[in-house]
Amino acid sequence: MTGTRSLLIALVLASVTAMTLDLHHDSGSPLDPVRSVLGEALGPAEAAAAAAARPFDAVPDWFDSRSDLREDVARLTAENADLRQQVETSGVDRNRLAEYDGLATAARTSGRTLVPARVIAIGPAQSFTRTVTIDAGRDAGVRPDQTVLNGDGLVGRVLRVTATSATVLLALDSRSVVGARVGSSMEVGFLSGRGVVGDDGRFDLELVDDTAAPAKGDVVVTWGSRGGAPYASGVPIGTVTQVFASLRDSSRRAVVEPYVDFTALDVVGVVVPSSTDSDRSLVRADGSMR
């Protein structure tokens, strides 16, 4: 027990002495050889320990960089989606702008005021009626029995309205009858739809004068109704493609191909009085929107 205590006291004194000498050492310190030996012995071990600890020191940086990378990927993905949407919808936007320009032209040439609207639904074929729903109704100044057109020509007439929408009976519907006039001869007649849209969509025209015969290529426009309801006058409908003569009653029937593509309806205009109070901008006769 006494020997152990003596050894402990000797080690403590040696440590204090070494610390004192090292604190005041210069280049000729007697501890330099010892420090050199210890450096050579422990240096490789310290380097190995530092190399082993380096991956663990880098773990926080790795998580930070991974989080930044994840944010960059999310941002680039969102930007890519936005660009893709712009590319995919650019054609739609161009076509829609062209259709609005067509409405402005139609208003100028006809001298009428139009409520612009978009087709938002198509009526079921099972009902044996060809209708569409537009996003303009009573609040926009739309009323039943008003003419609906686009930049190409006659679309149909308004059947019924709600505050914010309206149902439009297409001119091609089998129940639709439109008073028509042949441009070259000014002969009048009645245009009936066949209830078919697409490439086979056609009108049948029968003139009031059975002896009159329209020619292939003649332009057909609306005859017009009293007060412009349900059809305003002078709205383009289509051109005559065929003429058939009946030997039995000497009558003639013409087939008219419409100007309007009824399978691609989007922007249309409802003909309204110029004094109409509307919740949206109206296309005026000068082509402006107010």
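Description of the structure in this document. The model shown is predicted, which means the values in this text are computed figures rather than measured ones. (Residues numbered from 1 in each chain as written. Predicted model: local features only at pLDDT ≥ 70, side-chain atom pairs only at ≥ 80, totals over all residues. Heavy atoms only, no water.)

Topic: a negative patch on the surface
Right, so step 1: Judged by side-chain charge, Asp152, Asp199, Asp200, Glu257 and Asp261 come together as a negatively charged surface patch.
Right, so step 2: Mapped onto the elements, Asp261 comes out in the loop between β11 (252-258) and β12 (267-272).
Right, so step 3: Judged by relative accessible area, Asp261 falls into the partly exposed class, the value being 41%. (Patch = residues over 30% accessible without salt bridge, like charges linked within 9 Å, V, L, I, M, F, W, Y side chains within 5 Å. Areas by Shrake-Rupley, 256 points an atom, 1.4 Å probe, with all protein chains shown as cover. Salt bridge = Lys/Arg side-chain N within 4 Å of Asp/Glu carboxyl O. Lys, Arg positive; Asp, Glu negative; His and termini not counted. Charge placed at Lys NZ, Arg CZ, Asp CG, Glu CD. Helix = DSSP H or I, 4+ residues; strand = E, 2+ residues; numbered from the N terminus. Buried < 20%, exposed > 50% of the residue type's maximum accessible area, 1.4 Å probe, protein only.)

Considering the sheet that holds strand β1 (residues 113-122)
Right, so step 1: Within the closed barrel, the six strands sit side by side as β1-β2-β5-β4-β3-β12. Their pairing is antiparallel. On average, each strand axis in the sheet is tilted by 45° relative to the strand beside it, whichever way the strands run.
Right, so step 2: In this sheet, strand β2 (residues 131-134) lies alongside β1 in antiparallel orientation, the contact comprising three bridges. Looking at β2, one finds that Ala121 is bridged to Thr133. (Pairing = 2+ DSSP bridges. Axes fitted to C-alpha atoms, helices over the stretch in contact; angles between N-to-C directions.)

Here's the deal with the pairing of strand β7 (residues 188-193)
Right, so step 1: Across five bridges, the pairing between strand β6 (residues 177-182) and β7 is antiparallel. Directly across from Val177, in β7, lies its bridge partner Ser192.
Right, so step 2: Connecting the antiparallel pair β6 and β7 is a turn made up of five residues, with Met186 showing a positive phi of about 65°.
Right, so step 3: Where β7 and strand β8 (residues 203-207) come together, five bridges link them in antiparallel fashion. In the strand pairing of β8, Phe190 is matched with Glu206.

A look at the nonpolar core
Right, so step 1: Counting 50 residues, the largest nonpolar core has Val142 and Leu205 as the members making the most contacts within it.
Right, so step 2: Top element by residues in this core is β12. It accounts for five residues.
Right, so step 3: Beyond its immediate stretch of four places on either side in the chain, Leu205 contacts Ala180, Val182, Gly189, Phe190, Leu191, Val220, Arg252, Arg253, Ala254 and Val256. (Core = buried A, V, L, I, M, F, W, Y, C linked by side-chain atoms within 4.5 Å. Contact = heavy atoms within 4.5 Å.)

Observations regarding the pattern of salt bridges
Right, so step 1: Inspection of every chain in the model, using the stated rule, returns seven salt bridges.
Right, so step 2: Asp266 is the salt-bridge partner of Arg118, the closest N and O atoms lying 3.7 Å from each other. Placement of the pair is Arg118 in strand β1 and Asp266 in the loop between β11 and β12, with a sequence separation of 148 residues.
Right, so step 3: With a relative accessible area of 32%, Arg118 lands in the partly exposed category.
Right, so step 4: Where Arg194 meets Asp204, a salt bridge forms, and the shortest distance between an N and an O atom there is 2.8 Å. Here Arg194 is found in the loop between β7 and β8, whereas its partner Asp204 is found in strand β8, with ten residues between them in sequence.

Considerations on the environment of Asp101
Right, so step 1: For Asp101, the location among the structural elements is in helix α2 (residues 32-110).
Right, so step 2: In the structure, Asp101 is positioned 186 residues away from Gly287 in sequence and 8.5 Å away in space, judged by C-alpha atoms.

Quick look at a nonpolar patch on the surface
Right, so step 1: Together, Val177, Phe190, Val208 and Trp223 make up an exposed nonpolar region whose accessible area comes to about 370 Å².
Right, so step 2: With respect to the helices, strands and loops of the structure, Trp223 is situated in the loop between β9 (219-222) and β10 (236-245).

Thoughts on the pairing of strand β5 (residues 166-170)
Note on strand geometry: in a regular strand, side chains alternate between the two faces of the sheet.
Right, so step 1: Among the five residues of β5, five are classified as buried, and the element is accordingly described as predominantly covered.
Right, so step 2: For β2 and β5, the ladder comprises four bridges, and the chain directions are antiparallel. Residue pairing across strands places Ile134 opposite Ala166, the latter belonging to β5.
Right, so step 3: Of the pairings in the sheet, the one linking strand β4 (residues 154-161) to β5 comprises five bridges and is antiparallel in character. Looking at the pairing, Arg157 lines up with Leu169 of β5.
Right, so step 4: Linking two consecutive strands that pair antiparallel, namely β4 and β5, is a turn of four residues.

Thoughts on unusual backbone geometry
Right, so step 1: At Asp145, a position not held by glycine, the phi torsion is positive, near 65°.
Right, so step 2: Relative to the elements of secondary structure, Asp145 occurs in the loop between β2 and β3 (147-149).
Right, so step 3: Judged by its relative accessible area of 35%, Asp145 falls in the partly exposed class.
Right, so step 4: Positive phi outside glycine occurs at Met186, with the angle close to 65°.
Right, so step 5: Within the fold, Met186 resides in the loop between β6 and β7.
Right, so step 6: Judged by its relative accessible area of 48%, Met186 falls in the partly exposed class.

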